[in-house]
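Below are the chains, spelled out letter by letter.
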Amino acid sequence: MVTTASIDLESEILRLKEERNAIILAHNYQVGPIQDLADYVGDSLGLSYKARETDAEVIAFCGVHFMAETAKIINPDKTVILPDKDAGCSLEQACPGPELAKYLKEHADKNYYVIAYINCSAEVKALSDLICTSGNAVKLVESVPEDRNILFVPDQNLGAWVMEQTGRKMDLWQGACYVHVEFTRDSIHGIKEEHPDAVVVAHPECTYSVRMLADEVCSTEKMVDFCRDTPAKNIIVVTESGMLHRLRKEAPDKNLIAGPTDKCHCADCRYMKLNTMEKLHDCLLHLQPEVTLPEDVRKRAEEPILRMLELSK
Ligand code: 13P
Ligand code: SF4
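Fair warning: this is a prediction, and the values are worked out from it, not measured in the lab.

Peer 1: Tell me about the site of ligand 1, and name the residues and values.
Peer 2: What surrounds ligand 1 is the set His27, Tyr29, Asp43, Ser44, Tyr117, Asn119, Ser134, His180, His203, Glu205, Ser219 and Thr220. Take Tyr29: an N or O atom from its side chain is 3.5 Å from an oxygen atom of ligand 1. Measuring from an oxygen atom of ligand 1, one finds a side-chain N or O atom of Thr220 at 2.6 Å. Contact with the protein chains hides 96% of the accessible area of ligand 1, taken as 310 Å² for the molecule alone. Residue composition of the shell around ligand 1, by class: 2 nonpolar, 8 polar and 2 charged.

Have a look at this one:
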């Protein structure tokens, strides 16, 4: 429901944005009102490019912490703020920097080429050779010389999917997204039985048994193209619930059905959903919480991100 209070909050956010010379970047999983007023809405790859290109002095990043941190790594002179500093990610938590450093030391004989999914901390990025997103992981893994041992961190499901796509063997860190592993073979079978003519699009963070039921597996941004282009009218979308808002705007003629989990009719990321319009307003007003990083870590983390941006052009 649109109330006078929500209109006022929206116009106040837009006023502050002008005053601060800020850009508002939002991930596809953000709540509808944030997506609707953002300057750009997209996946991790698109958001990284936008953060790289912008002339704005302030980046208000409506997503999770590692995304805002990535924007800061490639924009050290800009002020990067995010509405809620506790917007973390279970994948980031699954691979602490010191544990990865220890593992690399213990397996020094492997001389690993480390590819880190962007859903990780700056410390992990600083230990990596290349960063990837779900949108470019296949292409980037294919760019690594055949004679190198690849360690892929932190998502075992994305890593396994990339191995299936490329035929390339990699050692996988055993992390997972707590949201995408909630979709199960039974929950997706169930919704397919209700909509027998529907096609299924799933994120590669889903498990193997769910990916096997999908007609397409891709990043959130590629889901937009898939939903627009498929001749199918009914589409089951197996990812975080915020995606449905974006897809309903981009493919209004399609019947978009949220993929259910065993427990719920759709899946919310509790971290993504920490961001609200009120917190976005407050962070633009106070320029807090701000993302800051030790310069040595930032510099080392920047290299593999820039390599990614160059290679995935
Ligand atoms: P995308 O880059 O595909 O948007 O994925 C980010 C993410 O966190 C998925 O859970
Ligand atoms: Fe992390 Fe999963 Fe949330 Fe994406 S959906 S931000 S991978 S916890």
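There is more to say, and it comes next.
Peer 1: Any details on the packing of helix α12 (residues 220-229) against helix α13 (residues 242-250)? Residues and values, ideally.
Peer 2: Helix packing for two helices is described by the angle between their axes and how far apart those axes are. It is the contact of α12 with α13, at a shortest axis distance of 10 Å, that shows an interaxial angle of 35°. Like other packed secondary-structure pairs, α12 and α13 cross with a definite hand, here right-handed. Across the interface between the two elements, Thr220, Glu221, Met223, Val224, Cys227 and Arg228 from α12 touch Met243, Arg246, Leu247 and Glu250 from α13. Its residues placed into classes, the contact of α12 with α13 shows 5 nonpolar, 1 polar and 4 charged.

Peer 1: Let's hear about the site of ligand 2: which residues, and what values?
Peer 2: As a structural note, the neighbourhood of ligand 2 is formed by Tyr29, Val64, Cys89, Ser90, Leu91, Asn119, Cys177, Tyr178, Val179, Glu205, Cys269 and Met272. Split into classes, the residues belonging to the shell around ligand 2 amount to 9 nonpolar, 2 polar and 1 charged.

Peer 1: Summarise the packing of aromatic side chains; cite the residues concerned and give the values.
Peer 2: Inspection of every chain in the model, using the stated rule, returns 3 aromatic pairs. Look at Tyr103 and Tyr112: their rings are 6.3 Å apart centre to centre, the planes differ by 25°, and that puts the pair in the stacked class. Here Tyr103 falls in the partly exposed class, since its relative accessible area comes to 24%. Each ring, one from Tyr103 and one from Trp173, has its centre 5.6 Å from the other, and the planes form 75°; the classification is edge-to-face.

Peer 1: Can you explain the sheet that holds strand β10 (residues 216-217)? Please cite residues and give values.
Peer 2: Pairing is parallel in the open sheet, where 4 strands are placed in the order β10-β9-β11-β12. Of all the strands in the sheet, the pair left with one neighbour each is β10 and β12 (255-258). As paired elements, strand β9 (residues 199-202) and strand β11 (residues 234-238) share 4 bridges and run parallel to each other. By the bridge assignment, Val200 is partnered in β11 with Ile236. Contacts from α12 reach β9, β10, β11 and β12, with the element oriented near 165° to β9. Strand contacts of α13: β11 and β12, with the helix running at about 175° to β12, the strand carrying the most contacts.

Peer 1: So what about the environment of Leu130? Which residues, and what values?
Peer 2: With respect to the secondary-structure elements, Leu130 resides in strand β6 (residues 130-132). Separated by 41 residues in sequence, Leu130 and Asp171 place their C-alpha atoms 15 Å apart. Apart from the residues lying within four places of it in its own chain, the contact partners of Leu130 are Tyr113, Val114, Ile115, Ala116, Leu140, Ser143, Pro304, Arg307, Met308 and Leu311.

Peer 1: Describe α13, and please don't skip the residues or the numbers.
Peer 2: Along an α-helix, residues three or four apart share an orientation, since each turn contains 3.6 residues. Residues of α13 that are buried: Gly242, Met243, Leu244, Arg246 and Leu247. In this structure, the buried side of α13 is in contact with α2 (32-37), β2 (40-42), α12, β11 and β12.

Peer 1: Break down the side chain of Asp84 for me, citing the residues and quoting the values.
Peer 2: Note that Asp84 resides in the loop between β4 (79-81) and α5 (90-94). Apart from the residues within four sequence positions on either side, Asp84 is in contact with Leu274, Asn275 and Lys279.

Cut-offs used in this document
- Residues numbered from 1 in each chain as written.
- Chains lettered and ligands numbered in written order.
- Predicted model: local features only at pLDDT ≥ 70, side-chain atom pairs only at ≥ 80, totals over all residues.
- Heavy atoms only, no water.
- Near = heavy atom within 4 Å.
- Polar contact = N/O pair within 3.5 Å; in protein donor to acceptor, adjacent residues only side chain to side chain.
- Areas by Shrake-Rupley, 256 points an atom, 1.4 Å probe, with all protein chains shown as cover.
- Nonpolar A, V, L, I, M, F, W, Y, C, P; charged D, E, K, R; others polar.
- Axes fitted to C-alpha atoms, helices over the stretch in contact; angles between N-to-C directions.
- Helix = DSSP H or I, 4+ residues; strand = E, 2+ residues; numbered from the N terminus.
- Left-handed = near helix turned anticlockwise from the far one by under 90°.
- Contact = heavy atoms within 4.5 Å.
- Phe/Tyr/Trp six-rings, centres within 6.5 Å; stacked < 30°, edge-to-face > 60°.
- Buried < 20%, exposed > 50% of the residue type's maximum accessible area, 1.4 Å probe, protein only.
- Pairing = 2+ DSSP bridges.

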